[in-house]
Amino acid sequence: MKWRFLKYLMAYSLPLAVFLSMQREGLLAYLPLFYAFLVVPLLELFFAPNPGNLDKQREEMIKEDPWYDRLLYLMVPIQLALLLYFLWDLNHHTYDSLTFWGRITAMGLMCGVIGINVGHELGHRRKKYEQVLAKILLSTSLYVHFFTEHNYGHHRNVATPEDPATARYKESLYAFWLRSIVFSYLHAWKIQGQLLKSRKKSFWSPSNELLLWSLIQLIALTAIFLFFGLESLLAFLAAALFGALLLETVNYIEHYGLSRQKVSEHRYEKAEAEHSWNSDHIIGRLLLFELSRHSDHHAHPHRKYQILQHHDQSPQLPTGYPGMMLLSTIPPLWFKVMNGRIKSA
């Protein structure tokens, strides 16, 4: 039990793959992409999902083990270091188009998987410094508004028409991308305004954290341009967009077609495990710090990743997140696989 946290070192295989790819050119620059969306999905076809849960005694021990938190904290300097190396490398070398875009996809995976996913986990913590770390990570993907919209909007409105991050039944991934990106951003500002109003603070108050961190992002972009040049800036914007699309693809598969029933004119039934798709495929779970145990996350948003549970009533994805993300890019196949499961969920 003492060394159980070591299994999550698998999450560090992606930063390692990204670092190695940045030493290579040509097709090898796409090593992280091949790893995440070819090797991992193939492996998950041969490993059965593990729906096992911890007993109460072990859960309490693991919940208090600081090493699980340290594994998250360490991702912050790793993300920042790889981002700086990415910018420096493109500023000091001229690459052919194949290698250039390989660099961008590698950094984009870091933006989506580390910047946003780890930022998501830390953003649900109650300690202020953990929330600051979350916003730093989200800022490296230019997605700091996710903190506000996700915590105050998505978790409240999930599986309802009011939630831009819930994919509708028969809605394609590409239509969802546009709707979720635009309206999640606008919704974040609406929520921030409501929070300021409830606290009797002005828009220009230091309490407007969304404004503050948006300015930080703008300053960071200006610094990238001044220190690393226009090409590095454009490459970073492309990587951040790639990371954002990865996040939105995850959002798509997590709640596709699921809905909560209205119990009154202004209220929906409580969000439970059956309102999120779950995956117990072990490799994806370890790579993503248990993000794929999403049903329990929505039922208990502040539960730490290492103690998230399987629920028998939650709808199950046929494979892990990487494989489902690939499937979602082909809408006819996605609908064929998933629409029948929704009807039987």
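Calculation notes
- Residues numbered from 1 in each chain as written.
- Predicted model: local features only at pLDDT ≥ 70, side-chain atom pairs only at ≥ 80, totals over all residues.
- Heavy atoms only, no water.
- 1 Å grid on protein atoms, 1.4 Å probe; cavity = no way out; pocket = protein on both sides within 12 Å on 5 of 7 lines; lining within 4 Å.
- Points joined across faces, edges and corners; volume = space filled by probe spheres on them.
- Helix = DSSP H or I, 4+ residues; strand = E, 2+ residues; numbered from the N terminus.
- Polar contact = N/O pair within 3.5 Å; in protein donor to acceptor, adjacent residues only side chain to side chain.
- UniProt positions renumbered as here; feature names shortened; annotations may be inferred.
- Buried < 20%, exposed > 50% of the residue type's maximum accessible area, 1.4 Å probe, protein only.
- Salt bridge = Lys/Arg side-chain N within 4 Å of Asp/Glu carboxyl O.

Student: What's the story with empty space enclosed by the protein in this structure? I'm lost.
Tutor: Scanning the entire structure with this criterion turns up three cavities of 30 Å³ or more. Of the voids in this model, the largest cavity is the one considered here, and its volume is about 340 Å³. For the largest cavity, the lining is made up of 24 residues, of which V113, V250, L288, L291 and M325 are closest to its centre. Of all the secondary-structure elements, those providing two or more residues to the lining of the largest cavity are α2 (31–44), α5 (97–123), α7 (145–157), α10 (230–255) and α13 (321–328). Among the elements that line the lining of the largest cavity, the one with the most residues is α5, at six residues.

Student: So what exactly am I meant to see when it comes to the side chain of N278 here?
Tutor: One can find N278 in the loop between β2 (267–268) and α11 (282–287). Looking at N278, its side chain comes within polar contact range of the side chain of Q316, at 3.2 Å.

Student: Would you explain the UniProt feature "transmembrane region" (unreviewed entry) in the chain in this entry?
Tutor: Residues annotated by UniProt as "transmembrane region" (unreviewed entry) correspond here to residues 5–22, 28–50, 71–88, 100–120, 210–228 and 234–253. Span residues 234–253 is 100% helix and 0% strand, its end C-alpha atoms 29 Å apart.

Student: Just checking my understanding: could you explain unusual backbone geometry for this structure?
Tutor: Excluding glycine, a negative phi dihedral is what most residues carry, and trans is how most peptide bonds are arranged. Even without being glycine, L142 reaches a positive phi, approximately 60°. The backbone of F289 sits at a positive phi, close to 50°, despite the residue not being glycine. Looking at the element boundaries, F289 is found in the loop between α11 and α12 (294–299). Given a relative accessible area of 4%, F289 falls into the buried group.

Student: Got a minute to help me understand the pattern of salt bridges in this structure?
Tutor: Overall, the coordinates contain 13 salt bridges when judged by the stated rule. K63 is the salt-bridge partner of E60, the closest N and O atoms lying 3.4 Å from each other. Highlighted residues: E60 and K63, both in helix α3 (residues 56–63), separated by three residues, approximately one helical turn. Among the residues examined, E60 registers a relative accessible area of 41% and is labelled partly exposed. When its relative accessible area of 27% is taken as the criterion, K63 is described as partly exposed.

Student: Before we go on, may I ask you to explain the side chain of H281 in this structure?
Tutor: Checked against the element boundaries, H281 lands in the loop between β2 and α11. With relative accessibility at 6%, the residue H281 sits in the buried group.

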